[in-house]
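# Structural features, examined
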Amino acid sequence: MTALLEVEDLRVAYGKIEAVKGISFSVEAGQVVTLIGTNGAGKTTTLRTLSGLLKPASGKVVFDGKPLSGVPAHKIVALGLAHSPEGRHIFPRLTIAENLQLGAFLRKDKAGIERDIQRAYDLFPILGERRKQAAGTLSGGEQQMLAMGRALMSQPKLLMLDEPSMGLSPIMMQKIMATISELKSTGTTILLVEQNAQAALSLADQGHVMEVGNIVLSGSGQDLLHDESVRKAYLGED
Ligand SMILES: Nc1ncnc2c1ncn2[C@@H]1O[C@H](COP(=O)(O)OP(=O)(O)O)[C@@H](O)[C@H]1O
Ligand SMILES: [Mg+2]
C-alpha cells in the first residue's frame, strides 16, 4: 500500500539559500507524523511547499496517489490537504462563524458545511459560545482552536498543523494537544510541526528530527522520546 503522503528528496530554496536540503518521509492514512527541530530547521518551509505556497527546487510530492508538482494551492486544498499555518492567520475582524465558513470556501454542500461548523463547535465549545464575535477578541489559544477548526472545514484527508502550541500557556497547550489526540482517535491523519518535542512525540506514530534543512533522525514517537540525543537536544536534558 502506498502512503497518503509521500515526500521524496524535497529541496526548497529562497533564492540561493537552500532551506530544505533533500528530505524524504511519508504519512500513512490514520497516522500522526511529527516534524520537530529548532527554529530555522525548515519545518514551516516544508509545510508551505506541500501546500503549494512555495515551489520546490526539486523532489517529488505525491498526495493520495497524485503528484503535486505544479498544482496550485487551492487545488491542493481541494485534493484534501489542509494547512493550519504558523501564527494562525485568522481574520480578526470577521466573526468566528465567518472564519469557519471561509475554511469551506471550495464547498457547495450547504447542509454539510453547517454540520461541520457544528462539529467544530462540539470540538471547541468556546467557538460556539462566541460564534458571533470578532475573531480578534479571542485569546491566542482560542485563535489556535479557530485556525484548526477552519482547516478542518475543508474536510481534509490530511491536516497539517504548524506550531499549534506556539506562545500558549501550559494549560492551553495541553488543551490543544488533547484535541489533536482526539482528532487522531477519530481517524484524522495529521502532519504536526512542533517545537514542543515532548508533546508532539508523545502523541505521534512517527517522528522526524530536522536540523538545518535535513532530516537527521527518524523513528516512532516513543523511540525518539527515549533517544538520548533527542532528549539532550530537544527535551532540555543533559
Ligand atoms: N521568506 C523567506 N526568505 C528567505 N529565507 C527564509 C524565508 N523563510 C524562511 N527562511 C529561512 O529558511 C530557513 C528555514 O526556515 P523555516 O522553514 O521557517 O524553519 P522552521 O519552521 O523550522 O523554524 C531559515 O534559515 C529561515 O531563515
Ligand atoms: Mg516554523
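A brief look at the structure comes next. None of these values were measured; they are calculated from a predicted model. (Residues numbered from 1 in each chain as written. Chains lettered and ligands numbered in written order. Predicted model: local features only at pLDDT ≥ 70, side-chain atom pairs only at ≥ 80, totals over all residues. Heavy atoms only, no water.)

This part takes up the environment of Leu 4. Locating Leu 4 in the fold gives a position in the segment before β1 (5-14). Beyond its immediate sequence surroundings of up to four residues, Leu 4 is in contact with Val 27, Glu 28, Ala 29, Val 62, Phe 63, Asp 64, Lys 157, Leu 158 and Thr 189. (Helix = DSSP H or I, 4+ residues; strand = E, 2+ residues; numbered from the N terminus. Contact = heavy atoms within 4.5 Å.)

A separate point is the pattern of salt bridges. Should their charged atoms come close, side chains of opposite charge can pair. Enumeration according to the criterion identifies 9 salt bridges in this entry. Note that Arg 115 and Asp 116 form a salt bridge whose closest N and O atoms lie 3.6 Å from each other. Linked by salt bridges that have partners in common, Arg 107, Asp 109, Arg 115 and Asp 116 make up one network. (Salt bridge = Lys/Arg side-chain N within 4 Å of Asp/Glu carboxyl O.)

Right, let's talk about the sheet that holds strand β10 (residues 214-220) for a bit. Pairing is mixed across the open sheet formed by 6 strands, whose spatial order is β6-β7-β8-β3-β9-β10. Only two strands of the sheet have a single neighbouring strand rather than two, namely β6 (81-84) and β10. Neighbour to neighbour, the strand axes of the sheet diverge by 15° on average, direction disregarded. With 4 bridges joining them, strand β3 (residues 32-36) and strand β9 (residues 206-211) adopt parallel strand pairing. By the bridge assignment, Leu 35 is partnered in β9 with His 208. Contacts from helix α6 (residues 140-152) reach β6 and β7 (158-162), with the element oriented near 170° to β6. (Pairing = 2+ DSSP bridges. Axes fitted to C-alpha atoms, helices over the stretch in contact; angles between N-to-C directions.)

This brings us to the site of ligand 1. Lining the immediate surroundings of ligand 1 are Tyr 14, Ala 19, Thr 38, Asn 39, Gly 40, Ala 41, Gly 42, Lys 43, Thr 44 and Thr 45. Between an oxygen atom of ligand 1 and a main-chain N or O atom of Ala 41, the distance comes to 3.1 Å. The fraction of the free accessible surface of ligand 1 (560 Å²) that becomes covered by protein chains is 59%. Broken down by element, the shell around ligand 1 gets its largest block of residues, 3 residues, from helix α1 (residues 43-50). (Near = heavy atom within 4 Å. Polar contact = N/O pair within 3.5 Å; in protein donor to acceptor, adjacent residues only side chain to side chain. Areas by Shrake-Rupley, 256 points an atom, 1.4 Å probe, with all protein chains shown as cover.)

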